[in-house]
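# Structural overview
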Amino acid sequence: MCRLALSGGGAVAFSDSSAVDRGWPEQVHTVTRCVRTSKRRQGVPGDIVLAARLLFERDGVKKTTLAAVAKEAGITRTLLYYYFEDKDAVVQAVVEDYVEDIVESVATWNEQRVFGNTPDELRKCVVTFRHVLYMSSGEPRPMFSVLDELGMRDEFAARAVREAVDCICRNIVSEYTAYRIVEIDMVPETFALVLYGVVGLMKAKPDITDDEISRLIAQTLRVDMRVLQPPPWSELPRGDGV
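### Some words on the layout of surface pockets
A volume near 560 Å³ is recorded for the largest pocket. Forming the walls of the largest pocket are 24 residues, and the residues nearest its centre are Leu 133, Tyr 134, Phe 144, Arg 153 and Val 199. Counting only elements with at least two residues in the lining of the largest pocket, the list comes to helix H6 (118-133), helix H8 (153-179) and helix H9 (187-204). Across the lining of the largest pocket, the residue classes tally to 17 nonpolar, four polar and three charged.

Structure (structure tokens):
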């Protein structure tokens, strides 16, 4: 199987066993890890969404009024209506913020991970993913009670997985293919299958360990678990990822 490297025009294939033996190929182009720009609303709209999240999770969506949201956000109802047409718009914004919880956790892990230490970083990814879904007590995050009340858990899951996979392929798989061999086909679909599977497994078997999940992911994705030395160029996050 050929190895892939990223170039300005996309992915190019090459083969060099001596380079592979050293841990990274000489021909590979520099891959700069991107920093993803958050999609969370900022300023007053962000304050409104945070206030709505708090009230939805504490009191329920049906019982929460926009007047209560405005009061919690420290603004007038008039200002709230300037940014959001109605309660449905606020609800949609909260759901989008929940999706961002998932995607942002993946992006943050990617920006902070240590190059080449796949075993440790894969486990950290699992820890991060579990944290965004469950509290330290093991109970599901309050967002799931909100999604259940809205009847949107399945829609949320599909959207969160789709956007998380897109983030993974753009910012993680692209770097992986520059230094290692990808041994699976249908990469985005396989990652989606893995994410759905991990969520289901954590729910069905709450006592499964992070190490066990890491091993299952590595087996399913056929991940190269060798620890590589850093390449002779900067891998520090920079730029603006998607």
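And the narrative resumes.
### Some thoughts on a nonpolar patch on the surface
On the surface, a cluster of nonpolar side chains totalling about 330 Å² of accessible area is made up of Leu 79, Tyr 82 and Tyr 83. Here Leu 79 lies in helix H4 (residues 77-83).

### Regarding the nonpolar core
Grouped together as the largest cluster of nonpolar side chains are 59 residues, with contacts concentrated most on Leu 80, Ile 102 and Phe 156. Elements with a contribution of two residues or more to this core: helix H2 (43-59), helix H3 (66-73), helix H5 (87-112), H6, helix H7 (143-150), H8, H9 and helix H10 (210-221). With twelve residues, the top contributor of residues to this core is H5. In contact with Phe 156, other than residues within four places in its own chain, are Val 95, Tyr 98, Val 99, Ile 102, Met 143, Phe 144 and Leu 147.

### Focus: the packing of aromatic side chains
Counted by the stated rule, this structure contains three aromatic pairs. With a centroid separation of 4.9 Å and 90 degrees between ring planes, the pair formed by Tyr 82 and Tyr 83 is classed as edge-to-face. Owing to a relative accessible area of 65%, Tyr 82 belongs among the exposed residues under this scheme. Owing to a relative accessible area of 36%, Tyr 83 belongs among the partly exposed residues under this scheme. Centroid distance Phe 115 to Tyr 179: 5.0 Å. Interplanar angle 80 degrees. Geometry classified as edge-to-face. Here Phe 115 is found in the loop between H5 and H6, whereas its partner Tyr 179 is found in helix H8, with 64 residues between them in sequence. Comparing Phe 115 with Tyr 179, the two get one shared label, buried. Over the ring of Trp 109 we find Arg 113, and its NZ or CZ is 5.8 Å from the ring centre.

### Notes on the packing of H2 against H3
Here H2 crosses H3 at 115 degrees, and the two axes come no closer than 8 Å. The two elements H2 and H3 cross, and the hand of that crossing is right-handed. Only Ala 68, Val 69, Glu 72 and Ala 73 of H3 make contact with H2, whose side of the interface consists of Asp 47, Ile 48, Ala 51, Ala 52, Leu 54 and Leu 55. Split by residue class, the contact of H2 with H3 holds eight nonpolar, no polar and two charged.

### What to know about the pattern of salt bridges
Evaluation of the coordinates by the stated rule reveals 18 salt bridges. Salt-bridge contacts for Arg 58 lead to Asp 59; the nearest nitrogen and oxygen are separated by 3.1 Å. Accessibility expressed as a relative area gives 55% for Arg 58, which makes it exposed. In this structure, Arg 180 engages Asp 224 in a salt bridge whose closest nitrogen and oxygen atoms are separated by 3.3 Å.

### Looking at unusual backbone geometry
Within the chain, Met 186 stands out as a residue other than glycine whose phi angle is a positive 50 degrees. Within the secondary structure, Met 186 is located in the loop between H8 and H9. The exposure class of Met 186 is exposed, given its relative accessible area of 59%. Positive phi, close to 55 degrees, is recorded for Arg 222, a residue that is not glycine. One can find Arg 222 in the loop between H10 and strand E4 (238-241). Under the relative-accessibility criterion, Arg 222 is labelled partly exposed at 47%.

About the thresholds
- Position numbers for residues start from 1 in each chain and track the written sequence from start to end.
- Owing to the predicted nature of the model, reporting of local features is limited to residues with pLDDT of at least 70; listing and counting of side-chain atom pairs is limited to 80 or more, with chain, interface and lining totals taken over all residues.
- Water and hydrogen atoms were dropped before computing side-chain values, which therefore reflect all heavy atoms in the structure.
- Only protein atoms enter the calculation, which uses a 1 Å grid: trapped sets of points that fit a 1.4 Å probe without letting it out are cavities, open sets showing protein on both sides within 12 Å along at least five of seven lines are pockets, and any residue with an atom within 4 Å of a point is a lining residue.
- Grid points are joined across faces, edges and corners, and a volume is the space filled by probe spheres set on the points.
- Helix and strand definitions follow DSSP, with helices as H or I runs of at least four residues and strands as E runs of at least two, each counted in order from the N terminus.
- Amino acids are sorted into nonpolar (Ala, Val, Leu, Ile, Met, Phe, Trp, Tyr, Cys and Pro), charged (Asp, Glu, Lys and Arg) and polar (every other residue, Gly among them).
- Only residues above 30% relative accessible area that lack a salt bridge enter a patch, with like-charged residues linked at up to 9 Å and the nonpolar side chains Val, Leu, Ile, Met, Phe, Trp and Tyr linked at up to 5 Å.
- We get accessible surface area from the Shrake-Rupley algorithm with a probe of 1.4 Å; when it comes to residues, only the shown protein chains can shield them.
- Any Lys or Arg side-chain nitrogen located within 4 Å of an Asp or Glu carboxyl oxygen qualifies as a salt bridge.
- Definition used in this section: a nonpolar core is a set of buried Ala, Val, Leu, Ile, Met, Phe, Trp, Tyr and Cys residues joined via side-chain atoms within 4.5 Å.
- Exposure is judged per residue with a 1.4 Å probe applied to protein chains only, and the accessible area is read against the type maximum: over 50% gives exposed, under 20% gives buried, and values in between give partly exposed.
- The contact rule is simple, with two residues in contact once any of their heavy atoms fall within 4.5 Å.
- Each Phe, Tyr or Trp ring, with Trp reduced to its six-membered ring, pairs with another whose centre is within 6.5 Å; inter-plane angles below 30 degrees give stacked pairs, above 60 give edge-to-face pairs, and intermediate values give tilted ones.
- Placement of a positive charge over a ring is assigned whenever Lys NZ or Arg CZ falls within 6 Å of the ring centre and within 35 degrees of the normal to the ring plane.
- Throughout, an axis means a line fitted to C-alpha atoms (over the contacting stretch in the case of helices), and angles, computed between N-to-C directions, take values from 0 to 180 degrees.
- Crossings are assigned a handedness: left-handed for a near helix turned anticlockwise from the far helix by less than a right angle, right-handed for a clockwise turn.

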